[in-house]
Every structure is written in structure tokens, then in C-alpha cells.
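Close look at the chain arrangement
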Amino acid sequence: MKYLFVVFLLFMTFVTGCQGNELSAGPAENHQPKSLQEAVQESGVPNILHTVERDQYAFSFAHSQEDSKQDLKLLHFFHDEEGWHYQGNSGFGVADAVPVTYGAATWITNKYQAQGENTYASVHLGQVLDTNIEKVVLTLGQKTHEAKLVNEDGFTLWYVAIDDSGEGDQHGSVAAYGRDGELIFQSPSAQSNKL
């Protein structure tokens, strides 16, 4: 009788253990990767103006103003099998004295690997403060890139996104054009600033 009781107890322990594993495996199979919208919300950064999604990375623009000081933020995101992840942000002051502002940020677009291959993205960006400007061109070295213009909540932003390339690390110059194609503003070229 004792032998039968021990066998019964072992059988019940085995069955209960198997059921526990099945229950804990169920939710993991139903786990949904985090969406980009969830990652943007989890960043905690207010006043998001616009979000751009690429294959393995994304970025959002945010604007803030405290008294007369304005700031533009660029939030960085990367994507893997678990979904989207917020990495941090870069901040840029907005100067009212120029018609177009300019800044750039570069970040890793995968989980950092000390011994592996890391990929990077660069975004060159700014705010368009002159309402006559309809086109912004960024020059990096010998290449020119026509910027994308985004108008959100009364703010006009420009940006050029450059995937994993040394070109994105360069400091560029910006030219802004009006409706009839006339040059309204040109920042000094990177070459003219060299000694």
C-alpha cells in the first residue's frame, strides 16, 4: 500500500509539474513585440511632433519652449525581435537669428555588441524659421541631399536620414531656397571653417 501511495504521489507531482510548464509557456508564445508607438510613449518625452520609421531604426522630433528658449529634440529608437526600444535623445537649441537651424545626431541602431558588428544611423536636422523657405539642401563632402520638410503643429522641420555610413558623421552645410528657387540662406561650408 505504501508503495502504491509513493507511485501515486510521484505521478501527481510529475503531472502537476508538466501542467505548470505548459501554463507558463502559453503567455510567452502570445508575447507581442513592442510597437514603435509604445516605445515613443515609454520615452516620457512630451510634445512629440513627428515620428519617422525606417527598417531597423526610427526617430521622433519633439519641441519644447521655456520662456524664450526653444529646444528641438531627436529621440532615437532601434528595432529587434522584441520590438522597438527607446535609446535616448539629442537636444538642439533653436536660434531665432537664422532662418534655418542645423544639428546632427548619430546612434547605434542595434543592441551594442562589444565584439560584434554595430550599425549606425545619422540624422541631420533643423527647424525652418523663415516661412518663405520651401526647399533645404544639405551638402556633406561632395554629396548633396535634399531634405524632407515636415510641418507639424506650426513648426517646420527639415531632416536627412543617412543609414550606416561614414558620410553621416560629417558636418555639413545647409542651403535654403524660396518659392521661386532663389537662395535665401546658406550656412558656411565645412571646408571654409577649416584652418
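Residues numbered from 1 in each chain as written. Predicted model: local features only at pLDDT ≥ 70, side-chain atom pairs only at ≥ 80, totals over all residues. Heavy atoms only, no water.

This brings us to the nonpolar core. Residues Phe59, Phe61, Leu74, Trp107, Val123, Leu125 and Tyr159 are the most contacted members of the largest nonpolar core, which totals 19 residues. Secondary structure elements with two or more residues in this core: strand S1 (48-53), strand S2 (57-66), strand S3 (69-80), strand S4 (83-94), strand S5 (103-108), strand S6 (120-128) and strand S10 (155-163). Per element, the largest residue contribution to this core is 4 residues, and it comes from S10. Every residue in contact with Val123, bar those within four places of it in the chain, is listed here: Phe59, Leu74, Gly103, Ala104, Ala105, Trp107, Tyr159, Val160 and Ala161. (Core = buried A, V, L, I, M, F, W, Y, C linked by side-chain atoms within 4.5 Å. Buried < 20%, exposed > 50% of the residue type's maximum accessible area, 1.4 Å probe, protein only. Helix = DSSP H or I, 4+ residues; strand = E, 2+ residues; numbered from the N terminus. Contact = heavy atoms within 4.5 Å.)

Structurally, Val123 can be placed in strand S6. Expressed as a C-alpha distance, the spacing of Val123 and Val160, which sit 37 residues apart in the sequence, is 5.7 Å.

This model, assessed by the stated rule, comprises 3 salt bridges. Between Asp163 and Arg54 there is a salt bridge, with its nearest N and O atoms 3.4 Å apart. Of this pair, Asp163 sits in strand S10 while Arg54 is found in the loop between S1 and S2, placing the two residues 109 residues apart along the sequence. Taking the relative accessible area as the measure of exposure, Arg54 reaches 28% and is therefore partly exposed. (Salt bridge = Lys/Arg side-chain N within 4 Å of Asp/Glu carboxyl O.)

Taken residue by residue, the chain gives an average pLDDT of 80. The fraction at 70 or more is 78%. Low pLDDT, under 50, characterises residues 4-29; the stretch is placed with 0 contacts to residues that sit more than four places away or in other chains. (pLDDT = per-residue confidence, 0-100.)

Enumeration over the complete set of coordinates arrives at 8 aromatic pairs. On the numbers, 5.8 Å between centres and 85 degrees between planes, the contact of Phe59 with Phe61 is edge-to-face. On the accessibility criterion, Phe59 (0% relative accessible area) is buried. Classification of Phe61 as buried rests on a relative accessible area of 0%. Ring centres of Phe59 and Trp107 lie 6.4 Å apart, and the angle between their planes is 75 degrees; this geometry places the pair in the edge-to-face category. Here Phe59, found in strand S2, pairs with Trp107, found in strand S5; they are 48 residues apart in sequence, far enough to count as distant. Residues Phe59 and Trp107 agree in their burial class; the two are buried. (Phe/Tyr/Trp six-rings, centres within 6.5 Å; stacked < 30°, edge-to-face > 60°.)

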